[in-house]
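Residue-level listing of the chains:
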Amino acid sequence: MRSNEARAVDQEHSRPDGVGDKTVEALGELSKALETIHRVRGHLYSAHQLVGGADLTLDRVVELLRQAGHHEVADRVESDLLGRNLIPGRWTFQIMEEFDDGYYAAFQEIERDAREKLAGGRRHIYEAEMKERRRTHGMPGHEATPEA
């Protein structure tokens, strides 16, 4: 087995002594899952902005319908749709706040705690070791770090 320094691209991403392959793999998978949740958060914010934009567009819809003489339809859009909750009792900003303060915060804290307890807080050990295995030493574009 190679030394820890030779297994990863730099000391910051090297596995601490005594940390086994299964632990590194598990932490890598946990990190991958957290990255997926970061993407989910981005999609939720996109939905938040899209729904908000659509709701603001309804002001123009109501105005145009009234100008066209379709007062009954305009009234329905205004009373039943404009400003409506996305889910019971919540606009999207409330969903985002609950997601951020609940699931998202818990996921981040648990991932950070696992890294602290199992790998001295080091991040991306699995990926750093994969980079070291896959790069071609001495080849331009395959440097271990920006400084190399």
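See above for the structure.
Summary of the structure given here. (Residues numbered from 1 in each chain as written. Predicted model: local features only at pLDDT ≥ 70, side-chain atom pairs only at ≥ 80, totals over all residues. Heavy atoms only, no water.)

**Quick notes on the environment of Leu-56**
Then, number 1: If you trace the backbone, Leu-56 turns up in helix H2 (residues 21–67).
Then, number 2: Separated by twelve residues in the primary sequence, Leu-56 and Leu-44 have C-alpha atoms spaced 18 Å apart. (Helix = DSSP H or I, 4+ residues; strand = E, 2+ residues; numbered from the N terminus.)

**Regarding the nonpolar core**
Then, number 1: Of all hydrophobic cores here, the largest spans six residues; its members are Val-19, Val-24, Leu-27, Ala-114, Ala-119 and Ile-125.
Then, number 2: Those elements that place two or more of their residues in this core are H2 and helix H4 (92–119).
Then, number 3: Those residues within four positions of Ala-114 in sequence are excluded, and the remaining contacts are Leu-27, Leu-30 and Ala-119. (Core = buried A, V, L, I, M, F, W, Y, C linked by side-chain atoms within 4.5 Å. Buried < 20%, exposed > 50% of the residue type's maximum accessible area, 1.4 Å probe, protein only. Contact = heavy atoms within 4.5 Å.)

**Some words on the pattern of salt bridges**
Then, number 1: Scanning all chains against the criterion turns up 13 salt bridges.
Then, number 2: For Glu-98, the salt bridge identified is with Arg-90, shortest N-O distance 2.6 Å.
Then, number 3: On the basis of relative accessible area, Glu-98 is assigned to the partly exposed category, the value being 43%.
Then, number 4: Counted as one network, the salt bridges with shared partners bring together Arg-7, Arg-15, Asp-21 and Glu-129. (Salt bridge = Lys/Arg side-chain N within 4 Å of Asp/Glu carboxyl O.)

**Here's the deal with unusual backbone geometry**
Then, number 1: A positive phi is found at His-124, a non-glycine position, where the angle reads about 55°.
Then, number 2: Within the secondary structure, His-124 is located in the loop between H4 and helix H5 (125–134).

**Looking at the environment of Glu-35**
Then, number 1: Mapped onto the elements, Glu-35 comes out in helix H2.
Then, number 2: C-alpha separation for the pair Glu-35 and Gln-108, spaced 73 residues apart in sequence, amounts to 9.8 Å.
Then, number 3: For Glu-35, the contacting residues outside a window of four places in its chain are His-124 and Glu-127.

**Concerning the packing of H2 against H5**
Then, number 1: As a packed pair, H2 and H5 sit with axes 7 Å apart at the nearest point and diverge in direction by 110°. With respect to H5, the element H2 is oriented roughly perpendicular. Between H2 and H5, the contacting residues are Val-24, Glu-25, Gly-28, Ser-31 and Glu-35 on the first element and Ile-125, Tyr-126, Glu-127 and Glu-129 on the second.
Then, number 2: Here the contact of H2 with H5 is built from residues that sort into three nonpolar, two polar and four charged. (Axes fitted to C-alpha atoms, helices over the stretch in contact; angles between N-to-C directions. Parallel < 35°, antiparallel > 145°, perpendicular 65-115°, else oblique. Nonpolar A, V, L, I, M, F, W, Y, C, P; charged D, E, K, R; others polar.)

**What to know about H4**
Then, number 1: Most pronounced at Phe-99, the bend in H4 amounts to some 40°.
Then, number 2: The complete set of buried residues in H4 reads Thr-92, Met-96, Phe-99, Asp-100, Tyr-104, Phe-107, Glu-111, Ala-114, Arg-115 and Ala-119.
Then, number 3: Against H2 and H5 lie the buried residues of H4. (Bend = angle between axes of the 7 residues up to and from the residue.)

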